[in-house]
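Understanding the architecture of this molecule
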Amino acid sequence: MSTNAAALKDQVALVTGASRGIGRAVALELASRGAHVGINYRTGEDAARSCLRAVEAAGGTGELCPFDVAEPDAPVTHIAAFAKEKGRLDILVNNAGITIDGLVLRYKEEDWQRTLEVNLGGAFRCSRAAARFMARRRYGRIVNLSSVVASMGNPGQAAYAATKAGLEGMTKALARELASRDVTVNAVAPGFIDTEMTASLPEEARAAYLAMIPLGRLGRSEEVATAVAYLCGPDASYVTGHVLAVNGGLYT
Ligand code: NAP
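Residues numbered from 1 in each chain as written. Predicted model: local features only at pLDDT ≥ 70, side-chain atom pairs only at ≥ 80, totals over all residues. Heavy atoms only, no water.

What to know about the side chain of Asn144
Threshold: Helix and strand definitions follow DSSP, with helices as H or I runs of at least four residues and strands as E runs of at least two, each counted in order from the N terminus. Partly exposed residues are those whose accessible area sits between 20% and 50% of the maximum for their type, while under 20% is buried and over 50% is exposed, using a 1.4 Å probe and protein chains only. Whenever two N or O atoms come within 3.5 Å, that pair is a polar contact, provided that in protein one can donate a hydrogen and the other can accept it, and provided that, for residues adjacent in sequence, both atoms are side-chain atoms. Whether two residues are in contact is decided by their heavy atoms, any of which lying within 4.5 Å being enough.
Within the fold, Asn144 resides in strand E5 (residues 140–145). The class of Asn144 is buried, set by a relative accessible area of 0%. A polar side-chain atom of Asn144 sits 3.0 Å from a polar atom in the side chain of Thr171. For Asn144, the residues in contact, after removing those within four places along its chain, are Asn94, Ser127, Leu167, Met170, Thr171, Val185, Asn186, Ala187 and Val188.

A closer look at the site of the ligand
Note the threshold: The nearness test applies per residue and asks whether one of its heavy atoms lies within 4 Å of the molecule or strand. Calculation of accessible area relied on Shrake-Rupley with a 1.4 Å probe; when residues are assessed, cover is drawn exclusively from the protein chains displayed.
The immediate surroundings of the ligand are formed by 32 residues, with Ser19, Gly44, Asp68, Tyr160 and Thr195 found nearest. Within the backbone of Ile22, one N or O atom sits 2.8 Å away from an oxygen atom of the ligand. In the complex, the protein chains occlude 96% of the 900 Å² of accessible area that the ligand would expose alone. Among the elements of the structure, helix H1 (21–32), helix H4 (109–137), helix H6 (158–178) and helix H7 (196–199) are those that each provide at least two residues to the shell around the ligand.

Some words on the pairing of strand E3 (residues 61–64)
Threshold: Note on pairing: two strands pair once DSSP finds at least 2 bridges between them. When the strands point away from the viewer and the connection leading from the first strand across the helix to the second strand turns clockwise, the crossover is called right-handed.
Where strand E2 (residues 36–39) lies against E3, four bridges are found, and the strand directions are parallel. Counterpart to Gly38 in the pairing with E3 is Glu63. Handedness of the E2-helix H2 (residues 45–57)-E3 crossover: right-handed.

Remarks on the packing of H1 against helix H9 (residues 221–232)
The packing of two helices is summarised by the inter-axis angle and the distance between the axes. Under the convention used in this document: Orientation is described by lines fitted to C-alpha atoms, with helices fitted over the stretch in contact, and by angles between N-to-C directions that extend from 0 to 180 degrees. We call two directions roughly parallel when the angle between them is under 35 degrees, roughly antiparallel when it is over 145, roughly perpendicular when it lies between 65 and 115, and oblique otherwise. By definition, any crossing whose near helix is turned counterclockwise from its far helix by less than a right angle is left-handed, and any crossing with a clockwise turn is right-handed.
At their nearest, the axes of H1 and H9 sit 8 Å apart, and the two run at 50 degrees to each other. Compared by their axis directions, H1 and H9 come out oblique. Note on packing geometry: the crossing formed by H1 with H9 is right-handed. Side by side, H1 and H9 meet where Gly21, Ile22, Ala25, Val26, Glu29 and Leu30 of the first sit next to Ser221, Glu222, Val224, Ala225, Thr226, Val228, Ala229 and Cys232 of the second.

Let's talk about the pairing of strand E6 (residues 183–190)
For a regular strand, side chains alternate in direction, first toward one face of the sheet and then toward the other. For E6, a buried count of eight out of eight residues is recorded, marking the element as mostly surrounded by other parts of the structure. Side chains of E6 alternate between two faces, with Val183, Val185, Ala187 and Ala189 and Thr184, Asn186, Val188 and Pro190 buried alike. Judged from the six bridges that link them, E5 and E6 form a sheet pairing that is parallel. Looking at E6, one finds that Gly140 is bridged to Val183. Direction of pairing for E6 relative to strand E7 (residues 243–246): parallel, over a ladder of four bridges. Pairing of Ala187 across the sheet is with Val243, part of E7.

Remarks on the sheet that holds E7
Here seven strands make up an open sheet; going across it, the order is E3-E2-E1-E4-E5-E6-E7 and the pairing parallel. Because the sheet does not close on itself, it has two edges, and the strands there are E3 and E7. Going from strand to strand, the sheet's axes swing by 20 degrees on average, the running direction of each strand aside. Packed onto the sheet, H2 meets E2 and E3 and runs at close to 170 degrees relative to E3. Across the face of the sheet, H9 comes into contact with strand E4 (91–94), E5, E6 and E7 while running at roughly 165 degrees to E6.

A look at the side chain of Arg141
Selection rule: His is not counted here, nor are the chain ends, while Lys and Arg score as positive and Asp and Glu score as negative. One side-chain nitrogen of Lys or Arg within 4 Å of one carboxyl oxygen of Asp or Glu is enough to make a salt bridge.
On the secondary structure map, Arg141 appears in strand E5. For Arg141, which is buried and forms no salt bridge, the nearest opposite charge comes from Asp182, at a distance of 4.9 Å. For Arg141, the side chain forms a polar contact with the side chain of Thr184, separated by 3.4 Å.

Bear in mind that shape data such as this cannot, by itself, settle questions of function.
This is the structure in structure tokens:
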């Protein structure tokens, strides 16, 4: 938990894919710093409700905001409704992401399209919808969840790595585009974090990754969440277009 208890007091944040894993930890961290948090998810309603209960149990406030970030019209409709009802939108964390692993020679067209639409299309459309409100109020923080594989690469993850590398390019372009409105846009690139996304790794692959990580362990979602919260807060007011690696030294 943060020591910056009131750093985001009265602010409104939306975290995509916050039903579990890193997104849940980000929602909890932002709420612990005083933000009202919109908890987005697509299918995991029970998990999202559990996240909301955890936010409230820690003294914070939030609400559920279910929609599929990959549906072309959903982000604009839901983000506009959320921002209008709250009267503001200070923070957007584009965290929702999927990985459909497979070697390129056997990779299905539909899997390529879906990975692109969720990871990259979702972040683009949510950013566009949020930027409208942020630019008007001349304040905003957008943080995108990239991955170490954007720069390191990983066999079996060509589609996933392509979306994350694209997300980093988009982060830098939007940072330049929105800077005049005091909207900062940054990315956090985690290494291997202990979540459901990495739980399905075969034991051998997990051991091989561990051997490559100087800090000798997988990261925790909370360790990513504090990095995201830093970029969302007043301490990062002069940081934009940056990709912050949180990977235990795996790749620099
Ligand atoms: P996770 O445990 O699989 O959780 C993914 C979240 O995204 C869930 O809340 C899921 O909600 C949501 N989601 C998926 N598709 C969605 C859609 N179309 N619309 C809305 N929400 C959707 O993943 P994680 O490990 O926490 O990863 C979070 C982010 O960090 C991802 O962008 C991932 O690429 C990135 N990352 C993770 C790691 C890692 O080691 N875990 C490393 C580097 C980067 P529902 O299932 O309820 O729909």
